[in-house]
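# Structure assessment
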Amino acid sequence: MTFEEVEPTKNTKTVPDPPLSFSSLPDEITENILARVSRWNYPSLSLVSKSFHTLLSSKEIYKTRSQIGANETCVYVLLKFPDNPSTSWFSLRTKPNNKNRTKRRRRKIEFKRDSSLMSVVPIPSSSTNFFPHVVVGQDIYIMGGSCNEPSSSVRIFDCRSHTWRDGPNMTVARAHADTVLLDEKIYMMGGCDIDEYYANWIEVFDVKTQSWTAFPGPDLDELCNHLRQRHYYHVNAFEGRIYLVTEDKEYTYESKNGTWKLVKETSSFLFYEFVEVWCEMGNVIYCCTEEGYVMWSAFEGKSKSREWREIKGLENFLEQPNMGLKTGCEFELVDSGGKLLVMWHQGNSRNRIWYAKISLESRCNGREVWGNVECVDVLTFPVESYEWFFCVAALV
């Protein structure tokens, strides 16, 4: 009997492939993935690795965010403290899908609280004057000085990194000048004596070249007299033109040839003393009056005249006791991702600011605008008291 020698079977173990990691991905794919993450998570993600920190600190990722439509609205609140000429900045950070928010309130209310739970985050080393200002992309330009302190300085706040830098000074020191953005150029009008500085009553800042160009003031005697007496006027831009509106008349400024023209003998703007704050969204201007009414207006017809109408659907919100707009004061209004963010002071506490988010709907072929109050809530700031507050928003 013979036995055949059989070789033992070898146990072949399959070695698993190493798991994929971000470090194994091409940089452009990693950038595209991180660009879709909320920027409020960037500080935590920057701690993962040096490559993450470098990528999340670069301007390229914000270009990618813009290209894929992942921009987020960043809202900033500025507080002016008593006996302090400067303001302190706070960013409003959101924490989405906080389902416990609506369970904490014991008393019955008409409107929901904000499920996103906006928290107040101080911005270090941010004390500065704020008027006037204009938002250009992801930068906030602060030009000139306040009423009693004219200045030619330009300060630029980068909303991506929350850092400041200096811009080139204006040729004239200005205080509370009017600003308007048109074709990537910032137009500064007034804020100085029109007789003494007539030759450069207007200064234009080219955002691309970061340079100033001076232009003379209006060549219309009636308008010059109005400006000489320091009466109120408002400046805005529409369809390539700059409009200067007084209490009773409307003028246009053609930026291409520097000419002024009287276009309306009767102003279609609301009087300044009745309006607390303006907000422009597309071709529509929204405002909040001192009595708490939220209005809207758009250019209509060939005459490009404006007719002011009240936003419908907000009646219960306006009349709400202890939290409605009619019982509030010191209003602010900004575009928050296509919605109106209304902020106001309520009661005696000077470290709290109420806010409401209102979605908008156009009806009746654009003849009506209806608002839906999505939430009403309150922000508490880590200060004892503020004198006044201001709000500004940028898309980052």
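As a reminder, the structure under discussion sits directly above these lines.
Described below are features of the structure shown in this document.

Cut-offs used in this document
- Residues numbered from 1 in each chain as written.
- Predicted model: local features only at pLDDT ≥ 70, side-chain atom pairs only at ≥ 80, totals over all residues.
- Heavy atoms only, no water.
- Helix = DSSP H or I, 4+ residues; strand = E, 2+ residues; numbered from the N terminus.
- Buried < 20%, exposed > 50% of the residue type's maximum accessible area, 1.4 Å probe, protein only.
- Contact = heavy atoms within 4.5 Å.
- Pairing = 2+ DSSP bridges.
- Axes fitted to C-alpha atoms, helices over the stretch in contact; angles between N-to-C directions.
- Phe/Tyr/Trp six-rings, centres within 6.5 Å; stacked < 30°, edge-to-face > 60°.
- Lys NZ or Arg CZ within 6 Å of the ring centre and 35° of its normal.

Further remarks concern the overall build of the protein. Along the backbone of the protein there are 6 helices and 25 strands. Within the protein, the fraction of its 396 residues that count as buried is 46%. Of the contacts made within the protein by residues no fewer than 6 positions apart, 50% connect residues no fewer than 24 positions apart.

Each strand in a sheet pairs with another by means of backbone hydrogen bonds, the pair being arranged parallel or else antiparallel. Strand order in the open sheet made by the 4 strands is 3-2-1-25, with antiparallel pairing throughout. Looking at strand neighbours, the two that pair on one side only are strand 3 (119–122) and strand 25 (388–395), the edges of this open sheet. When strand polarity is set aside, the average angle formed by the axes of neighbouring strands in this sheet is 30°. In the sheet, strand 1 (residues 73–80) pairs with strand 25 via 8 bridges, with the strands oriented antiparallel. Bridge assignment links Leu 78 to a residue of strand 25, and that residue is Phe 390.

Judged from the 6 bridges that link them, strand 21 (residues 329–336) and strand 22 (residues 339–345) form a sheet pairing that is antiparallel. Looking across to strand 22, one finds that Glu 332 is bridged to Met 343. What sits between strand 21 and strand 22 in their antiparallel hairpin is a turn of 2 residues, with Gly 337 showing a positive phi close to 65°.

Let's shift gears to the packing of aromatic side chains. Evaluation of the coordinates by the stated rule reveals 14 aromatic pairs. Look at Phe 157 and Trp 164: their rings are 5.0 Å apart centre to centre, the planes differ by 50°, and that puts the pair in the tilted class. With relative accessibility at 0%, the residue Phe 157 sits in the buried group. Residue Trp 164 is classed as buried on the basis of its relative accessible area of 17%. Measuring from ring centre to ring centre gives 6.0 Å for Tyr 386 and Phe 389, while their planes differ by 85°; the resulting arrangement is edge-to-face. Summarising the burial analysis for this pair, Tyr 386 and Phe 389 share the class buried. Through a chain of ring-to-ring contacts, three or more aromatic side chains come together here, namely Tyr 76, Trp 89, Phe 157 and Trp 164. If you follow Arg 39 out to its NZ or CZ, it ends over the ring of Trp 40, 5.0 Å from the centre. The positively charged end of Arg 363 is found above the aromatic ring belonging to Trp 370, 4.3 Å away from the centroid.

That's the geometry; what it means functionally is another story.
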